[in-house]
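Listed below, chain by chain, are the residues.
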Amino acid sequence: MKFRLLLFALPVLIWSCEPKELSESERWEDTASRVEIIRDDFGVPHIYGKSDADAVFGLLYAQCEDDFRRVERNYIWATGRLAELEGQEAIFSDLRANLYMTEAEAKAAYESSPDWLKGLCVAFADGVNYYLATHPEVKPQVITKYEPWMPMFFSEGSIGGDIEQIPTGGIQAFYAEKEPDVMALYQDEFKHEALLDEPKGSNGIAVNGKMTASGNAILLINPHTSFYFRPEVHVVSEEGLNAYGAVTWGQFFVYQGFNEKTGWMHTSTQVDFIDEFVEEVTEKDGKYQYQYGEETRAVEEFQVSLKYKSGAEIKEKPFTFYRTHHGPITHKIGDNWVATKINWDPVNALIQSFTRTKLSNHAEFKKMMDIRTNSSNNTVFADADGNIAYFHGNFIPKRNEGFDFSEPVDGSDPASDWQGLHTVDESIMIVNPETGWIQNCNSTPFTAAAEFSPKRENYPFYMAPDQENFRGIHAVKVLKEASGLTIDSMIELAYDPYLPAMEHLIPMLLKAYEEKGIADSQFTEAIKVLESWDYRTSKESVAMSLAHFFGMNFMRNHGSINNLIEFNTNENSKIPNPSLTELLATFSQTLDQMNADFGTWKTPWSEINRFQRLTGEIDMPFDDEKEYTPVGMASGTWGALAAFGAKTYPGTKRLYGYRGNSFVAVVEFGEKVKAKTILAGGQNSDPNSPHFYDQTQAYVDGEFKDVAFYREDVEARMEERYVPGKRK
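Residues numbered from 1 in each chain as written. Predicted model: local features only at pLDDT ≥ 70, side-chain atom pairs only at ≥ 80, totals over all residues. Heavy atoms only, no water.

Asker: I tried to follow the sheet that holds strand E18 (residues 388-391) on my own but got confused; where do I start?
Answerer: The pairing of strands in a sheet happens through backbone hydrogen bonds and is either parallel or antiparallel. Overall, mixed pairing links the 10 strands, which are arranged E20-E18-E17-E8-E7-E6-E5-E2-E1-E29 in an open sheet. Every interior strand has two partners, whereas the edge strands, strand E20 (429-431) and strand E29 (718-722), have only one. Between one strand axis and the next, the sheet turns through 15 degrees on average, direction left out of account. Summarising the sheet, strand E1 (residues 35-40) and E29 pair through four bridges and their orientation is antiparallel. Across the sheet, the residue bridging to Ile38 is Arg721, located in E29. Lying over the sheet, helix H3 (residues 52-78) contacts E1, strand E2 (45-49), strand E5 (232-237) and E29, oriented at roughly 45 degrees with respect to E1. (Pairing = 2+ DSSP bridges. Helix = DSSP H or I, 4+ residues; strand = E, 2+ residues; numbered from the N terminus. Axes fitted to C-alpha atoms, helices over the stretch in contact; angles between N-to-C directions. Contact = heavy atoms within 4.5 Å.)

Asker: Before we go on, may I ask you to explain the pairing of E5 in this structure?
Answerer: Moving residue by residue along a regular strand, the side chains alternate between the two faces of the sheet. Counting buried residues in E5 gives six out of six residues, a clear majority hidden from the surface. Of the two faces of E5, the one carrying Glu232, His234 and Val236 and the one carrying Val233, Val235 and Ser237 are both buried. With four bridges joining them, E2 and E5 adopt parallel strand pairing. From the neighbouring strand, Gly49 faces E5, where its bridge partner is Ser237. (Buried < 20%, exposed > 50% of the residue type's maximum accessible area, 1.4 Å probe, protein only.)

Asker: Just to check I follow, could you spell out unusual backbone geometry for this structure?
Answerer: Keep in mind that most residues, glycine aside, have a negative phi and that most peptide bonds are trans. Although it is not a glycine, Asp285 sits at a positive phi angle of roughly 55 degrees. Residue classification places Asp285 among the exposed positions, given a relative accessible area of 73%. Here the phi dihedral of Asn442 falls at roughly 60 degrees; this positive angle occurs in a residue that is not glycine. When you line up the elements, Asn442 lands in the loop between strand E21 (437-440) and helix H12 (470-481).

Asker: Where do I start with the layout of surface pockets in this structure?
Answerer: In this approach a probe as big as a water molecule rolls over the atoms, and the regions it shows empty are the leftover space. Its boundaries defined by the atoms lining it, the second largest pocket holds a volume of some 440 Å³. Forming the walls of the second largest pocket are 23 residues, and the residues nearest its centre are Glu65, Asp66, Asn684, Ser685 and Asp686. Top contributing element to the lining of the second largest pocket by residue count: H3, with six residues. Tallied by class, residues from the lining of the second largest pocket come to six nonpolar, seven polar and 10 charged. (1 Å grid on protein atoms, 1.4 Å probe; cavity = no way out; pocket = protein on both sides within 12 Å on 5 of 7 lines; lining within 4 Å. Points joined across faces, edges and corners; volume = space filled by probe spheres on them. Nonpolar A, V, L, I, M, F, W, Y, C, P; charged D, E, K, R; others polar.)

Asker: Sorry if this is basic, but what is going on with the confidence of the model for the protein here?
Answerer: Reading fine detail from the predicted coordinates is not recommended where pLDDT is low. Scored by pLDDT, the protein comes out at a mean of 94, with 94% of its residues at no less than 70. The low-confidence segment residues 180-193, where pLDDT is below 50, has 26 contacts with residues more than four positions distant or belonging to other chains. (pLDDT = per-residue confidence, 0-100.)

Asker: How do you make sense of the environment of Gln419 when you look at a structure like this?
Answerer: Mapped onto the secondary structure, Gln419 falls in the loop between strand E19 (409-410) and E20. The class for Gln419 is partly exposed, based on a relative accessible area of 44%. Separated by 95 residues in sequence, Gln419 and Glu514 have C-alpha atoms that sit 57 Å apart. Look past the residues within four positions of Gln419 in its chain and what remains in contact with it is Lys398, Arg399 and Asn400.

Asker: Looking at this structure, I do not really get the side chain of Glu276. What am I missing?
Answerer: The topology assignment puts Glu276 in strand E9 (residues 275-279). We classify Glu276 as buried; its relative accessible area is 10%.

Asker: Whenever I open this one, H3 confuses me. Can you help?
Answerer: Since one α-helical turn is 3.6 residues long, residues separated by three or four positions face the same way. Between its terminal C-alpha atoms H3 stretches only 24 Å, short of the 39 Å expected from 27 residues at 1.5 Å a residue. Of all 27 residues that make up H3, 24 are buried, and the element is covered over most of its length. At the exit of H3 stands Gly80, carrying a positive phi of roughly 80 degrees. (Expected span 1.5 Å × (residues − 1).)

Asker: So what exactly am I meant to see when it comes to the packing of aromatic side chains here?
Answerer: Aromatic ring pairs are described here by two measures, namely the spacing of the ring centres and the angle between the planes. Enumeration according to the criterion identifies 47 aromatic pairs in this entry. With centroids separated by 5.8 Å and ring planes inclined at 40 degrees, the aromatic side chains of Phe227 and Phe644 adopt a geometry described as tilted. Here Phe644 lies in strand E24 (residues 644-647) and Phe227 lies in the loop between strand E4 (218-226) and E5, a separation of 417 residues in the sequence. Given the relative accessible area of 6%, Phe227 is considered buried. One aromatic cluster in this structure is built from Trp28, Phe57, Tyr61, Phe68, Tyr130 and Tyr131. The ring of Phe42 has Lys705 sitting right over it, with the charged end atom 5.7 Å from the ring centre. (Phe/Tyr/Trp six-rings, centres within 6.5 Å; stacked < 30°, edge-to-face > 60°. Lys NZ or Arg CZ within 6 Å of the ring centre and 35° of its normal.)

Asker: Whenever I open this one, the packing of helix H7 (residues 115-134) against helix H10 (residues 346-355) confuses me. Can you help?
Answerer: When two helices pack together, you describe them by how their axes are tilted relative to each other and by the distance separating the axes. The geometry of H7 relative to H10 is characterised by a closest axis approach of 11 Å and an angle of 80 degrees between their N-to-C directions. Judged by the angle between their axes, H7 and H10 are roughly perpendicular. When H7 is examined against H10, the residues Trp116, Leu117 and Leu120 are found in contact with a partner set consisting of Val347, Leu350, Ile351, Phe354 and Thr355. In terms of residue class, the contact of H7 with H10 is built from seven nonpolar, one polar and no charged. (Parallel < 35°, antiparallel > 145°, perpendicular 65-115°, else oblique.)

Asker: Can you help me understand H10 in this one?
Answerer: Of all 10 residues in H10, eight are buried, a share of seventy percent or more. Those residues of H10 not exposed but buried are Pro346, Val347, Ala349, Leu350, Ile351, Gln352, Ser353 and Phe354. Along its buried surface, H10 packs onto H3, helix H6 (103-111), H7 and helix H11 (362-369).

Asker: Looking at this structure, I do not really get empty space enclosed by the protein. What am I missing?
Answerer: Following the criterion strictly, the structure yields four cavities of 30 Å³ or more and no others. If you add up the space inside the largest cavity, you get close to 90 Å³. Around the largest cavity, the lining comprises 17 residues; the ones closest to its centre are Tyr228, Arg230, Trp249, Leu679 and Gly682. Here the element with the most residues in the lining of the largest cavity is H3; it accounts for three residues. The class makeup of the residues in the lining of the largest cavity is seven nonpolar, five polar and five charged.

Right under this line is the structure:
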């Protein structure tokens, strides 16, 4: 009898010992208990977790504290729900997201992920959801609950990631069934960035021990993004994660940064990794098919219903969209459908992005690069062993060189298909060049290490169509002159005020004045200001003001100044060649413009060129009558390494910074890693926060703050310490 009772009790005992499945809110609380966030004296969050997933939970929670709206906006856009926020005009951005991955496909990608990656994705969602649960005053605009599959839509952390390079105008023209002549308006959108916009991209410089005072490698991490595009973070776990740097809002990996042993800097690449395939489509029995060699294949059809805001209502609009094996149909050329093929491998992209942050040396880093999903970037690298390296692109399709892939190709010819991917060893790469330095400023790899750079003739054109630019020219100049570098002198190098574009542009004007002359005292006085100028920007410089507006008008009237660079010239180049009279007329236009806008052309640069942060809104207002910080930096268009892109806004005459130096770091590797950083404006988007504007003056002056990387340094700089959900 006792034996029978024991047998009956045994399963009850076993059941009672099994771990209780936690509710969602209990799981959040449990994870939060394993996370600690320390904010330093600049508000930078140092997140400590038991596991990598715990650290990711804390990282997302801290990001939401600093700027939930930017986290939210990135996922509204990436998951194809922007029209629910902005109205029907955004619906073709949402359709574009679905063309490449539907929600069902994102969920399937998540389910196919390795368990450790699933754990990070769950931690991502839990971190955001716990923030919302503990901050009921924050009202989500569209997404009320974040899901683990959402990072599948946002595995690319760069400016203008792959999918953004596909214009929505062509998608709208095709799927809204507009006339072909309307579609043609969008073709150039695929290829050309607005000429007068601040260049998108970044600078990366790595120097080895022969160039430094300590004998250690130093890395410059210098993204040129829109301001507030990425915050500064430090994320640590007991599973080997210890990464510091910039994170794109809402992502769970440090995008550009360093750990104790390695550092990585991405610069936007011009490697050709997107192709258009013209499909031969016919209709039969109400279904579309396309020709592929000798066979006819079915065009895949998908139905999706997209929501959009209309006044106070949310409405829906159904779409049928199409794919061939080349990719989704994105537009028409004439009567022909065009499929646009890009890299779309979100699981491996997330694996590569997170793995990158935990590596110890160049060999491990190169192995990681062979995952080959980082399509829109070049990478500049340095490590504690003293290695420096450069990888030009990463996702590079092999192609039949009988086709011109800079133009749409015949999709019906199987020979035009991609033939796999180039390996890292087949791609353009530089390791420990004799120069002792490597630079890339979104420029050609064939000048990245001066005479020790790779040779153009050894690679297919599609692997490096990148042009030279004036930032690249500037970087080569200062690195050739450099020696005995330290962190501080690397910062000085990165803020060097010389503007090489002006050394091309201004002599053209001076020659025109010398040969043609003009009987105008104001004109002559302004010319003399430029004659005595040393092509260096500064806050007090009137010559800088004149040169900037003359340069902008030159490009508006005569074309791109990058086409003045010898490396970029070929038989198809549109080299600006204005007459002497046209040059003088452009300068006269400049003087009239400055007199009208500022009262006099004799206005110092920093009275025109301004840093202003009035609110934490994503689309910020600017006001000539409100407080600002004067800026002596200049546009990267002119070759400024410390780029400060500024423009007018509605109601303003002065220029306000919007893109350029954002998060910047200089890192020195050795027995212990050392670094200094600066962030445009400040860490927090709340105007009431002490860290909303506290880095602005130092940013303008190039006075970087010391990084607290080791725990004892973090605690010495501690402003507050808390567990997520329990901040006082």
